[in-house]
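One-letter residues, chain by chain:
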Amino acid sequence: MSGDSAASASGGPGTRPGRPVGRAAAGARFRRLFEGGLLQGGVQGSPVLRLFLRWVRRPLLPVMRLWRRNIQLRVVATTLLMSLGVVLLLGFVVIGQVRNGLLDAKVKASQSQATGGFAVAKQKADEAASGTGAGGGAGTGDGAATADGRQSQNVIQWMSDLVESLSSGGAGAFDVVTLPVGDDSGGGRSPRGSGNVNPTSSVPVDLRERVNSGTTAVQSNTRIVYFGGKESQPGLVIGKQVNDPNGRPYELYYLFPLTQEEKSLSLVKGTLATAGLFVVVLLGAIAWLVVRQVVTPVRMAAGIAERLSAGRLQERMKVTGEDDIARLGEAFNKMAQNLQVKIQQMEDLSRMQRRFVSDVSHELRTPLTTVRMAADVIHEAREDFDPVTARSAELLADQLDRFESLLADLLEISRFDAGAAALEAEPIDLREVVRRVVSGAEPLAERKGTHIRVIGDQQPVVAEADARRVERVLRNLVVNAVEHGEGKDVVVRLASAGGAVAVAVRDYGVGLKPGEATRVFSRFWRADPARARTTGGTGLGLSIALEDARLHGGWLQAWGEPGGGSQFRLTLPRTADEPLRGSPIPLEPKDSRRNRGLDAAGLPRGAEEKRATVPVQQPGAQAPTLPPRAPIAPRLSATAPAADPAALPGNGNGARVVPRPTGGARRPGDGPAGRPAPDARQGRPDAAAPEDTTEPGEAFRGR
Amino acid sequence: MMSFMKGRVLVVDDDTALAEMLGIVLRGEGFEPSFVADGDKALAAFRETKPDLVLLDLMLPGRDGIEVCRLIRAESGVPIVMLTAKSDTVDVVVGLESGADDYIVKPFKPKELVARIRARLRRSEEPAPEQLTIGDLVIDVAGHSVKRDGQSIALTPLEFDLLVALARKPWQVFTREVLLEQVWGYRHAADTRLVNVHVQRLRSKVEKDPERPEIVVTVRGVGYKAGPS
């Protein structure tokens, strides 16, 4: 069922042996499916974008991994970032406060200074205008009244004097600048300033506009520019429109350098920055230390837990103090202690169980040996007895055989249960084993009128396995098939592909009812309790076989349909330590009723594709002409021992199979050449559906 | 020496019923059984009866079967067949390593037991004057002796048979199955551990350096062959 279903997926790569592209594409699809799950944030979208993102992410992966794995790094980094933020915020606030404090005082002092200056300028202008000016003021006053040129000359002088006298009070604490209003620079009213100040460039333009638009004093920050190479410095400028003695307005500015304040501020800034840096670094270090205190015990616990789980049960944590970490340690140690005790108990129990089994074995076997020998002696001599006693002797001997095999099987099962079964694997050729098994089953087959055929034994089918166990499994399967085959053919098929080898035993007998395919492996399960037991199996055979398969890391699975026979498939990994990913033989045979029905209906079928396309291991192996007495298998001649690398185990969504080339002969000419391989998804619906409905029988997965 | 008195079998078993039954079967097959039920008395009985073969139960009161086996092997090469209820790897290997030639797992059929006993005794029925060399060993088949530089090496009959089987065809690689058939007389595939253990025992006696064998060489994946002579 699932085997067939998955087969169509593999049909893709298989169809076109000459075109590895198809296989690569299928492989990529699988890989994407895998990785989509593995890498979180697997990007959906255009392949280019995905490639780009992957390319970007690749160098970051180690860092991301370290970030994900190292809690200490994470905590320290977070602490650093957050404390950096806090320090920055604090710094800005503090600097803002300090600046305001420093400047406020300066601005107030400057404002009163400037106001005083403006008043003086106004007063001087008034004095000069009214001619009551002291000193040279009288002279100029007359001139101003008579001639205009003379008057302006006076104003120039007056202004220079004004600037001189106003700035003389400051002595470096401030400078004074006068500027004409607007473009009115004629008449000697050119800009002038005290103390080498460059008047025009020291006063911002927008301030001048504001000064000209009103008569109140306005202020602004600026940089005071000097003539003569002296460095400019930050300053406060306060300006007002004032009238000169002639009543014409001019702009008078007071410039207060803020050098001192700026120095204080930068000192505060520097101090704060240094302190902040120290705080951040120290906080980081503290965080590192603190986290270390917590992380170290956690890491120790993790390490010890790992060692515990690796089986070193005596490992304990060191507990010091009474803090939370110590409690963790104590709890951990308690847990470890309990675990150790429990495991010890289990081990003791297991040992006792094994010991018990061994003892029972001995205690039972010794008397059984005596009985067995006695029965044989009696059996040998039965011809001398009367018929009733003779028959009794026969029954005794027969039932002793059965008792013996039952005891042996019971002991074997209990050995598995106790975990005492050991695998002695070595490379064996399964064909040899099959040959031995078939020849051993021949007498029974002859009695039943069954013909056992072996397919796929032209090439060695080698796997690392325990020959004794594999033989036991196969003997069981073949004998079962013959027994339940109702005299029809039994087909043993061998195949190997990828990392797996498989032997499937097909019969055309009563088959299995739905749901029975899993139950056949239950202990003492019988298909039909009313059915006569002809060979008297113990009812443990398939359970032991399943355990044997598991011990190999292999699968033993059953398929069957009522009235259509059954197929049991043993799949083993080629090497003992290799996990199984698929089976070379589909679990549901191609001649199952469902597959045939699909064929008859002309429906596209996975198996159909596969048969045409899948690499055939042995060209010569196929088409064995059927003996005429096998009418039940009309399609068998068409089926080849095809290696189906994608034949999945029971549940199709379990293992995903990456098809591998079988290394054997592919047959490029087989099947419709150039037909596009059916996409995996296309083949899915019809193939996968019965899996869910579990219609003719179901697979059982060994592990 | 033993070949004169064929068919004397010492049964060492504490289970009286089984011992008696063994006696019935052995007598029926023309053997001459004697019995001892205690491990401590087994060695004395062995010295007294000088059997051609010992049937030895592994679980005995007093000394256990392994110990008895070791003691008997220390003074004689007489064939020892273990009766064991345990077919588990360890028990069988321990028994074989302590010197048993073969083992048979309970419950067994009388015919099976008799076949094993006959296979063990068969060897002494076919003397053949023959001299073989293998490596620096000289084997006198009829005289049942192996010598290196004139010094004789004591081998049990089974080990001797094993060595002779290999030495007769030094060019041939023997699979374990073939050796089982030729030396032990098994028709069908049996426990190959028999071969492994006895090759080890043989090597410990005839090799100069058992770690690097030169007389009995392992052919990986196939079996054993006689070393270059």
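Residues numbered from 1 in each chain as written. Chains lettered and ligands numbered in written order. Predicted model: local features only at pLDDT ≥ 70, side-chain atom pairs only at ≥ 80, totals over all residues.

S.K.: Would you explain the pairing of strand β8 (residues 462-465) of chain A in this entry?
M.R.: Residue and element names in this part refer to chain A. Burial of the side chains of β8 is restricted to one face: A463 and A465 are buried, whereas none of V462 and E464 on the reverse face is. For strand β6 (residues 426-429) and β8, the ladder comprises 4 bridges, and the chain directions are antiparallel. Each bridged residue has a counterpart across the sheet, and for I428 the counterpart in β8 is A463. (Buried ≥ 20, exposed ≤ 12 C-beta atoms within 10 Å, placed from the backbone. Helix = DSSP H or I, 4+ residues; strand = E, 2+ residues; numbered from the N terminus. Pairing = 2+ DSSP bridges.)

S.K.: What should I look at first to understand helix α9 (residues 259-309) of chain A in this one?
M.R.: One turn of an α-helix holds 3.6 residues; hence residues three or four places apart share an orientation. Residues and elements named next belong to chain A. Here α9 is 51 residues long and its end C-alpha atoms lie 72 Å apart, about the 75 Å a rise of 1.5 Å per residue gives. Maximum bend of α9: about 30°, positioned at R292. Buried within α9 we find E261, V280, P297 and L308. Looking one or two residues beyond α9, the residue adopting positive phi is G311, at roughly 110°. (Expected span 1.5 Å × (residues − 1). Bend = angle between axes of the 7 residues up to and from the residue.)

S.K.: Quick question: what am I supposed to make of the confidence of the model for chain A here?
M.R.: When pLDDT drops low, the exact placement of atoms in the prediction is not to be read closely. Residues and elements named next belong to chain A. Chain-level statistics for chain A give a pLDDT mean of 73 and a share of 72% at 70 or above. Within the model, the stretch residues 1-28 combines pLDDT values under 50 with 91 contacts to residues more than four positions away or in other chains. Here residues 605-703 is modelled with pLDDT under 50, and outside its nearest four sequence neighbours on either side it reaches 249 contacts, counting other chains as well. (pLDDT = per-residue confidence, 0-100. Contact = placed C-beta atoms within 7 Å.)

S.K.: Help me out: how do you make sense of the UniProt feature "transmembrane region" (unreviewed entry) in chain A in this one?
M.R.: Annotation from UniProt places "transmembrane region" (unreviewed entry) at residues 71-96 of chain A. Secondary structure content for residues 71-96 of chain A is 100% helix and 0% strand, while the C-alpha to C-alpha distance between its ends is 37 Å. (UniProt positions renumbered as here; feature names shortened; annotations may be inferred.)

S.K.: Teacher, can you tell me more about the nonpolar core here?
M.R.: For soluble globular proteins, the rule of thumb is that nonpolar side chains tend to be buried together. One finds V12(B), V54(B), L55(B), L56(B) and L163(B) to be the most contacted residues of the largest nonpolar core, which totals 66 residues. When residues in this core are grouped by element, the largest group, 7 residues, is from helix α6 (residues 157-168) of chain B. Taken together, domain 1 (2-124) and domain 2 (127-226) of chain B each give at least three residues to this core, which thus spans both. Beyond its immediate sequence surroundings of up to four residues, V54(B) is in contact with L10(B), V12(B), F46(B), I72(B), V78(B) and I80(B). Core analysis: the next-biggest nonpolar cluster, separate from the first, contains 54 residues, V438(A), I452(A), I544(A) and L556(A) among them. (Core = buried A, V, L, I, M, F, W, Y, C linked by C-beta atoms within 7 Å. Domains from an automatic or database assignment.)

S.K.: Just checking my understanding: could you explain the sheet that holds strand β11 (residues 555-561) of chain A for this structure?
M.R.: Each strand in a sheet pairs with its neighbour through backbone hydrogen bonds, running either in the same direction (parallel) or in the opposite one (antiparallel). Residue and element names in this part refer to chain A. Judged by pairing direction, the sheet is mixed, and its 5 strands sit side by side in the order β7-β9-β10-β12-β11 without closing on themselves. A strand with exactly one partner marks an edge of an open sheet, and here the two such strands are β7 (452-455) and β11. Geometrically, the sheet is characterised by an average inter-axis angle of 15° between neighbouring strands, direction not taken into account. Here 7 bridges tie β11 to strand β12 (residues 565-573), and the two strands are oriented antiparallel to one another. By the bridge assignment for β12, W555 is matched with T571. (Axes fitted to C-alpha atoms, helices over the stretch in contact; angles between N-to-C directions.)

S.K.: What am I meant to see in the interface of chain B and chain A here?
M.R.: Where interface size is quoted, it is often the accessible area lost as the parts come together. Taken together, the contact between chain B and chain A spans 15 residues of the former and 15 residues of the latter. Residue composition of the side of chain B that touches chain A, by class: 10 nonpolar, 1 polar and 4 charged. (Nonpolar A, V, L, I, M, F, W, Y, C, P; charged D, E, K, R; others polar.)

S.K.: How should the sheet that holds strand β5 (residues 102-105) of chain B be read in this particular structure?
M.R.: All names here are of chain B. Across the sheet, 5 strands lie side by side as β2-β1-β3-β4-β5; this open sheet has parallel pairing. Edge positions in the sheet fall to β2 (32-36) and β5, since each of these pairs with one other strand and no more. Averaged over all pairs of adjacent strands, the angle between strand axes in this sheet comes to 20°, irrespective of strand direction. Helix α2 (residues 39-49) rests against β1 (8-12), β2 and β3 (53-57) of the sheet, and its axis sits at about 170° to β1. Sheet contacts for helix α5 (residues 110-122): β1, β3, β4 (80-84) and β5; angle to β5, the most-contacted strand, approximately 175°.

S.K.: Before we go on, may I ask you to explain unusual backbone geometry in this structure?
M.R.: With glycine set apart, most residues show a phi of negative sign, and most peptide bonds adopt trans. A cis amide bond, omega -5°, links K106(B) with the succeeding residue P107(B). A positive phi is found at E486(A), a non-glycine position, where the angle reads about 55°. Positionally, E486(A) belongs in the loop between α13 (467-484) and β9 (490-497). When the 16 C-beta atoms within 10 Å are taken as the criterion, E486(A) is described as partly exposed. Although it is not a glycine, K50(B) adopts a positive phi angle of roughly 45°. In this structure, K50(B) sits in the loop between α2 and β3. Under the C-beta neighbour-count criterion, K50(B) is labelled partly exposed, with 13 such atoms within 10 Å.

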